[in-house]
Amino acid sequence: MSETALHETLPVGSPGHKAGGWFGMMTLIVTEASLFLYLLFSYYYLAFWSRSGFVPSPLPKFDLALPDTAILLLSSVTVWWGERGSRKSSRRQMALGLIATIALGAIFVCIQLVEWTQKPFHFNSSTYSALYFTVTGFHMAHVVAGLIILIALLVWDWLGYFDRRRHAPFAIGAIYWHFVDAIWLVVFFTIYVTPYLGVR
Amino acid sequence: MMSVPETDILPRTVDLADDPHLPERLNRIWETAPGLYGWISSVDHKSIGRRYIVTAFVFLLLGGLEALVIRLQLASANQHVVTPEQYDQLFSMHGITMIFLYALPVLSGFSNFLFPLVLGARDMAFPRLNAFSYWVYLAAGLFMYASFLMGAAPDDGWFNYAPNSLPAFSPGPNMDFYALGMIFLGVSTTVGAANFVVTVLRMRAPGMTLARMPILVWGTFSASAGILLAVPAVSLAFFLLWLDRTFGTKFFSSSDAGQPLLWQHLFWIFAHPWVYIIVLPAMGLVSDALPILCRRPIVGYGLVAGATVATMIIGFGVWAHHMFATGLPPIASAYFSAASFIIAIPSAVATFAWIATIWSGRPQFTTAFLYFAGFIVMFVIGGMSGVVTAAAPADLQITDTYFVVAHLHYVLIGINLFGVLGGLYFWFPKMTGRLLGERLGRWNFWVTFIGFNAAFMPMHLTGLMGMPRRVYTYPADPGLNLVNLISTLGSDVLGVGILLFLINVWLTLRRPRTAPANPWNAPTLEWSLPSPPPAYNFAVIPTVASRHPLWEDRMDNRSGRSVLDRGLALDDGKEALATTVLEARPDAVLKMPGDSPWPFALAAMMSVFFSALLSQSWWIGAASIIGLMVCTVIWLWPERRLAQTAEPPNV
């Protein structure tokens, strides 16, 4: 171990997954995942202890939520495709991937807002209604944060900041977006599926 | 000086003797700009660490003064030193201050100051985030203390049980200060923890494998991982409480499907791990410093490091032992009681390791040693009373009595404050260049130790006699006068002890900087540097071959010799070395950010945001969110000189 001179070159700065920011994003994802864990724990806890009729009828419908889920999952694919563009220094592929992801994310938010307005209850009508809006609202806030990140990435791509070696912000933003999509699956399962499995 | 970074380089290795101007060059690159701007925008982990410690001590004094008023009120029966409302605010703010604004931040101060120095690094992984976490801590502390100016400090105790904290029973802004202040503070705690975790994973000197890290690194690393997992629970709980209070939702009220007990679950899922979070780093400080004062390595390094991690993990499975009296199902009580017994095992492992270290070493009875020895004694007493409260049937009798107050003070003052005071006597020369006075130090220790025990030992009895905690006063007949009077006198002596410490610090700071680099003849990397260390810490990046780089002469080392005077120079601008996670092999040359005003600006903007929420000024709140986003994007804008952007095509 006492050999101190280096014989191999080292990457400089923030190269891809060796960037400090990549590790930092991982810690953010761990703590945000915990946040949703506690939020959903609260949902199940309150549902479990309420006598009956926790979820007001009609039970949540799939007509908007299911296509919305598909749209969000598709956006994970597009951001992945865009990130692949960074490996071949294709600014065009990066930009197209980002634009598609931003569009899909924005559609997701719009459909969610439509669904919010169609609900027969308000934010503080009941414990359930407050939970419904808090859980989906927390998730939507994360989607909006993700959209801002994607827009920043698009601007930076347009300014020519990324190439084959320098794309750490893209990798970091993309993993955050995947995380937001993964969390949606858990939220979707809790809010839309479990009422039909008896949690109501 | 600062060239355009290439993507790959072969970094230059130098012998310190061959390049006498290297330190001077590095100093120009690393030192903070003078003046107010430099003070606000400094990202030097050593200044940030010292700021954390000083600020935490100011909060310790405030919380201590609150406690002295509480003890004055309880000195004898039927007193009216303060009104019942003031009393509620005093004991609530005392708990909030000590647990959130003193206990963790003071340890963050130690870790901020020490991490890069003991790891052989030039800075933390995220220097600007480090400054940000300090400014947010300061702002959140001021935010909560601003409630006193309105005469509306939190008054529902630090664990803030619903439904008592809901508007029906707590109509003023008191609990809003607490709810929003805790969400605010959680930001500081979380980003600080992320920084410690990534620093441990990425910034260790070459050769510093996981098994060569000092125990204090294990302590803060475990606690930081715990913070990332636990703090969201309390931030969420306070957010839901704020919704209940502001918009009339029904999460914690007993109407509709709300559940007051949900509050207790969310709070203790956070707050029990928190108890370990605010002691594990202090246990780490002691595990590193105590053996040095016993002139030997710690007994059972691997066991102590493992016990540290195990304590944090088991600490997540015991939260409901705070809730035995709430009517949990017997099976749940049995489980949480058993888990609480099990957690005594790793604590005992550490305790026996310390005792064996003293037993088999040659103790040097400095003030720091006395504090560490006192720490062990009080940890044992607090641990034993903890075992008593972990037994569900016994707990039903003593919960919410002064027995619990005695227990938690033995644990928190014993393991946190005594560890911190000992740690300050030990690392003060490294932080300031001056050794604290030893003669006054002895007085300081004995007065503090006697005062503490006189104040809190009788409380076990007070509790067993049935006096509940948090009551404003008590009648004369049940015979509680004597024990309470002794506690009050003891707390005054304890206050004198802390005063002696402050006098010692003040006298020491007036003396010239004469501390040698290694006054305790210690083995770890921070003691290879001058006291205080230069802005860049290490002129060349050291290579580590053992847990005791400075003791290798006298210890049998099969793993070779550490090299401290020859290594990577990394002097092409502000540079640091990233190493691999497990084996600490050189992995990348990091371009470190310089001083930046954005952390301060972002913290200031967050203060506006939370003040707007408090006063329900929604438009100001919305505007400050936009401001926060703009500041964040500017902060994160990729910079050419940090090698975050591609080569411009025309170069």
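So, how was this worked out
Sequence order as written defines residue numbering, which begins from 1 separately in each chain. Labels are handed out in written order, letters beginning with A for the chains and numbers beginning with 1 for the ligands. Side-chain atom pairs in this predicted model are given and counted only at pLDDT of 80 or more, local residue features only at pLDDT of at least 70, and totals for whole chains, interfaces and linings cover all residues. Think of it this way: any DSSP run of H or I at least four residues long counts as a helix, any run of E at least two long counts as a strand, and we number them from the N terminus. Two residues form a contact once the distance between their C-beta atoms, set from the backbone, is within 7 Å. The exposure label follows from counting other C-beta atoms within 10 Å of a residue's C-beta, where the C-beta atoms are placed from the backbone and the thresholds are 20 or more for buried and 12 or fewer for exposed, leaving partly exposed in between. Being paired, for any two strands, means DSSP has found at least two bridges between them. The length a helix should cover is 1.5 Å for every residue beyond the first. Polar here means any residue other than Ala, Val, Leu, Ile, Met, Phe, Trp, Tyr, Cys and Pro, which are nonpolar, and Asp, Glu, Lys and Arg, which are charged; Gly is therefore polar. Source of the domain bounds: an automatic or database domain assignment. Known as pLDDT, the predictor's per-residue confidence is scaled from 0 to 100. Lines fitted to the C-alpha atoms define the axes, with helices restricted to the stretch that makes contact. Angles between their N-to-C directions range from 0 to 180 degrees. Any angle that is under 35 degrees is reported as roughly parallel, and any over 145 degrees as roughly antiparallel; angles of 65 to 115 degrees are reported as roughly perpendicular and all others as oblique. A clockwise turn of the near helix away from the far one marks a right-handed crossing, whereas an anticlockwise turn of less than a right angle marks a left-handed crossing.

Draft legend 1. Region of interest: the overall build of chain A. The helix and strand inventory of chain A stands at five helices and one strand. Along chain A, from the amino end to the carboxyl end, the secondary structure elements read β-α-α-α-α-α. When its C-alpha atoms are laid out on the principal axes, chain A stretches across 70 × 45 × 25 Å. Put simply, of all contacts in chain A between residues at least 6 apart along the chain, 80% involve residues at least 24 apart.

Draft legend 2. Just the pairing of strand 4 (residues 575–579) of chain B, in detail. Residues and elements named next belong to chain B. Of all five residues in strand 4, five are buried, a share of seventy percent or more. Neither face of strand 4 is open: one carries Glu-575, Leu-577 and Thr-579, the other Ala-576 and Ala-578, and all of them are buried. Bridge count between strand 4 and strand 5 (residues 586–591): five bridges; the pairing is antiparallel. Its bridge partner lying in strand 5, Glu-575 is registered against Lys-591. Hairpin connection, strand 4 to strand 5: the antiparallel pair is bridged by six residues, and Ala-584 has positive phi, about 55°.

Draft legend 3. Main features of helix 18 (residues 598–614) of chain B. Residue and element names in this part refer to chain B. For helix 18, with 17 residues, the first-to-last C-alpha span of 24 Å sits near the 24 Å given by 1.5 Å per residue. Listed as buried for helix 18 are Pro-599, Phe-600, Leu-602, Ala-603, Met-605, Met-606, Ser-607, Phe-609, Phe-610, Leu-613 and Leu-614. Looking one or two residues beyond helix 18, the residue adopting positive phi is Gln-616, at roughly 55°.

Draft legend 4. Structural context of the interface of chain B and chain A. On the side of chain A, 47 residues touch chain B, which itself brings 61 residues to the contact. Put simply, the parts of the chain that give the side of chain B that touches chain A at least two residues each are strand 1 (8–9), helix 6 (174–202), helix 7 (215–247), helix 8 (260–277), strand 3 (566–568), strand 5 and helix 19 (618–636) of chain B. Class assignment for the residues of the side of chain B that touches chain A results in 37 nonpolar, 15 polar and nine charged. Relative to strand 1 of chain B, strand 1 (residues 10–11) of chain A runs antiparallel, the two being bridged by two bridges. Residue pairing across strands places Leu-10 of chain A opposite Ile-9 of chain B, the latter belonging to strand 1 of chain B.

Draft legend 5. Quick peek at the domain arrangement of chain B. According to the domain assignment, chain B contains domain 1 (13–39 + 526–591), domain 2 (40–509) and domain 3 (598–636). The C-alpha centroid of domain 3 of chain B is placed 38 Å from the C-alpha centroid of domain 1 of chain B.

Draft legend 6. Fine view of the confidence of the model for chain B. Per-residue confidence for chain B gives a mean pLDDT of 94, with 98% of residues at or over 70. Both scores are given for the predicted complex: the pTM is 0.96, the ipTM 0.95.

Draft legend 7. Region of the structure containing helix 9 (residues 280–293) of chain B. Residue and element names in this part refer to chain B. Between the first and last C-alpha of helix 9 there are 20 Å, a value that for 14 residues agrees with the 20 Å anticipated at 1.5 Å per step. In terms of burial, helix 9 is largely enclosed, as 14 of its 14 residues are buried. Arg-295 sits one or two residues past helix 9 and shows a positive phi near 55°.

Draft legend 8. Local environment of the packing of helix 4 (residues 127–158) of chain A against helix 5 (residues 168–193) of chain A. Residue and element names in this part refer to chain A. Where helix 4 meets helix 5, the closest approach of the two axes is 10 Å, and the angle between their N-to-C directions is 160°. In terms of orientation, helix 4 and helix 5 fall into the roughly antiparallel class. Judged by the sense of rotation from one axis to the other, the crossing of helix 4 with helix 5 is left-handed. Here Tyr-132, Val-135, Thr-136, His-139, His-142, Val-143, Gly-146, Ile-149, Leu-150, Leu-153 and Trp-156 of helix 4 lie close against helix 5, whose contacting residues are Pro-169, Phe-170, Gly-173, Tyr-176, Trp-177, Val-180, Ile-183, Trp-184, Val-187 and Ile-191. Broken down by class, the residue content of the contact of helix 4 with helix 5 amounts to 16 nonpolar, five polar and no charged.

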